[in-house]
Amino acid sequence: MNSVRKQLPRWLVALPVALLLQGAVQAETVARYGISMADIPLTTGQPDRGAGAYQFTGHTIYDPLVAWEANIATRPGKLVPGLASSWKVDAKDNKKWLFTLRKGVKFHDGSELKADAVVWNLDKVLSDKSPQYDAKQSAQVRPRIPSIASYRMVDEYTVEITTKDVDSLFPYQLPWFLISSPTQWEKLGHDWNKIASQPSGTGPFKLDKLVPRQRAELVKNVAYWDKARMAKTDRIILMPIPDAMTRANALLNGQVDIIETPPPDVLPQLKSSGFKIVQNVTPHVWPYHFSTLPGSPWTDIRVRKAANLAIDRDAIVKLLNGLAKPAKGQVDATNPWFGKPSFDLKYDVKTAKELMAQAGYSPAKPLKAKVIIAQGGSGQMLSLPMNEFIQQSLAEVGIQLEFEVVELENLYLHWRSGAKSDMNAGKGITGINLGYVTADPFYAITRFVDSRYIAPNGVNWGGYNNPKVDGAVDTIRKNFDPKIQDKLLAEIHQTMVDDALMLWVVHDLNPHAISPKVQEFVQAQHWFQDLTTIRMK
């Protein structure tokens, strides 16, 4: 398969020589990571480019108050203490949460983390009247922490956050909110552009070099506060290589040591060349999210169900060389939140055509719909081939799709804006293809069905509004018993599937390919991966 070895960008070819010289001088261990993004995610505190970016410039440089356990492969992770050593809900007022901060935690600039820094960071993304407010960072994290109503410093090491309503699931929002240094912002003249190349967090890595669209170099923070999570590699170099084949070439030719999302048809060559394919159970789904707003072609449940029945998911798994699992809904059928939906997401073209006929459509008289998709990027798997397969499959039952293809961050802008916005509805866009993390109740389910989170207030992109579901979400928020929460979440998910709220295609296995030079890489059962686990030989 020599045809696989395309010509690599000149900077990729030249890089190993520079690294060898650098390594000889500094005698450090270096891991070169080919990531699927077109650019390095934002480094100022809140990464852009979606959930996948948090593993690169989020939980490397920074820490959250409440963290997610992402360094264990043998079981699902859970919420664990981060910069807050503990948290609790106020027994007298369940809207109030108290967070006790760790003492002695230092930012990379040497300043100490205290409660005023946490409040400063909340202002940074939630208060547009504050001097440090950054619209770029706010756009990334505000939809991820929609429950926050207010916050205050109680004492030097205690922060109180008040939610808009009682919300037992609130802690699940906090791994997405990262803490940067107010001192560094002052030092660099209140300039977020300068901070991009000189950021200061509390995380296990420091940013050493940043060359936009080429690389970011992270170096081990030897003074990191969590000794159990010290980086096992001295330097990790992140290289944006958005094309899957080019990433594989870079690995085969020794330009990088690890890549995400290897192209399925190159797996045999990678394996025969001594590279290892690593994958794991991953709470992640690849769907089409439909608009259910008036005027959308997807308002007819018969059309939504027909779309789900028109897809041969096993064929898509085959297209991906086994690096995925057919989806039966938002979460896997083994998940306690799956429930017992009556609508079965199977491949049934006959029934799909019958449903379309009932709705007044056929292959000769197709329903037309416009869907916005990404060229590629973390979480989007093999975006273009998969979308072309779906386009052909839906055409067979009388649904004619038109795609608007954009770069990933542009797709996220359309997502956060919601189906009703001018950039979507104004261009006739009634569906969006975006991979979703499904690790916790909020991220898997409630944020997509709660009518109060209809975009731009949250990411209920399609405007789904079901009073019965809203009532169940309210009950979940007010109840702190996980068993009751699980029962109600299963009922909500059951309704989502029976309403065919989305076109669910596959669950990602988040494959990585690693060089024999990599001694250890722990792939967690999550979309977050902990780069501190990478150990080089």
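Scroll up to find the structure.
The text that follows walks through the structure, step by step, so that each part is easy to find. None of these values were measured; they are calculated from a predicted model. (Residues numbered from 1 in each chain as written. Predicted model: local features only at pLDDT ≥ 70, side-chain atom pairs only at ≥ 80, totals over all residues. Heavy atoms only, no water.)

Within the secondary structure, arginine 447 is located in helix α14 (residues 441-449). Buried arginine 447, no salt bridge; nearest opposite-charge side chain is aspartate 440, N-O distance 7.0 Å. In terms of polar contacts, arginine 447 uses its side chain to reach the backbone carbonyl oxygen of tyrosine 443, at 2.9 Å. Residues contacting arginine 447, with those up to four places away along its chain left out, are Trp415, Tyr436, Val437, Phe442, Tyr453, Val459 and Asn460. (Helix = DSSP H or I, 4+ residues; strand = E, 2+ residues; numbered from the N terminus. Buried < 20%, exposed > 50% of the residue type's maximum accessible area, 1.4 Å probe, protein only. Lys, Arg positive; Asp, Glu negative; His and termini not counted. Salt bridge = Lys/Arg side-chain N within 4 Å of Asp/Glu carboxyl O. Polar contact = N/O pair within 3.5 Å; in protein donor to acceptor, adjacent residues only side chain to side chain. Contact = heavy atoms within 4.5 Å.)

Turning next to the packing of α14 against helix α16 (residues 482-498). Between α14 and α16, whose axes approach to 11 Å, the crossing angle comes to 55°. Compared by their axis directions, α14 and α16 come out oblique. Here α14 runs over α16; the crossing is left-handed. Across from Pro441, Ile445, Thr446 and Val449 in α14, the residues of α16 making contact are Leu489, Ile492, His493 and Met496. Here the contact of α14 with α16 is built from residues that sort into six nonpolar, two polar and no charged. (Axes fitted to C-alpha atoms, helices over the stretch in contact; angles between N-to-C directions. Parallel < 35°, antiparallel > 145°, perpendicular 65-115°, else oblique. Left-handed = near helix turned anticlockwise from the far one by under 90°. Nonpolar A, V, L, I, M, F, W, Y, C, P; charged D, E, K, R; others polar.)

Moving on, we get to the packing of aromatic side chains. A full pass over the atoms with the stated rule returns 19 aromatic pairs. With a centroid separation of 6.4 Å and 45° between ring planes, the pair formed by tryptophan 68 and tyrosine 172 is classed as tilted. With a gap of 104 residues between them, tryptophan 68 in strand β2 (residues 66-68) and tyrosine 172 in the loop between β7 (158-163) and α5 (182-187) connect regions that are remote in the sequence. Residue classification places tyrosine 172 among the partly exposed positions, given a relative accessible area of 23%. (Phe/Tyr/Trp six-rings, centres within 6.5 Å; stacked < 30°, edge-to-face > 60°.)

Topologically, threonine 202 is positioned in the loop between α6 (192-197) and β8 (205-211). Side chain to side chain, threonine 202 and aspartate 63 meet in a polar contact 2.7 Å long. With residues up to four places along the chain from it excluded, the contact list for threonine 202 reads Ile61, Tyr62, Asp63, Leu83, Val105, Lys106, Phe107, His108, Asn221, Tyr224 and Trp225.

In a regular helix each residue adds 1.5 Å, so 17 residues correspond to 24 Å; α16 covers 24 Å between its end C-alpha atoms and thus fits that length. Those residues of α16 lying buried are Gln485, Leu488, Leu489, Ala490, Ile492, His493, Met496 and Val497. The inward-facing, buried residues of α16 contact α14, α15 (467-478) and β19 (502-508). Among the residues trailing α16, alanine 500 stands out with phi positive, at a value near 45°. (Expected span 1.5 Å × (residues − 1).)

Judged by nonpolar contacts, the single largest core of 75 residues is most densely connected at Ile390, Ile399 and Leu401. No other element matches strand β15 (residues 367-374), which puts six residues into this core. (Core = buried A, V, L, I, M, F, W, Y, C linked by side-chain atoms within 4.5 Å.)

Turning next to the sheet that holds β7. Reading across from one edge, β4-β5-β7-β6 is the order of the four strands in this open sheet, with antiparallel pairing throughout. Of all strands in the sheet, those bounded by a partner on one side alone are β4 (84-89) and β6 (148-155). When strand polarity is set aside, the average angle formed by the axes of neighbouring strands in this sheet is 20°. Helix α3 (residues 115-126) contacts β5 (96-101), β6 and β7 of the sheet and is inclined by roughly 160° relative to β6. (Pairing = 2+ DSSP bridges.)

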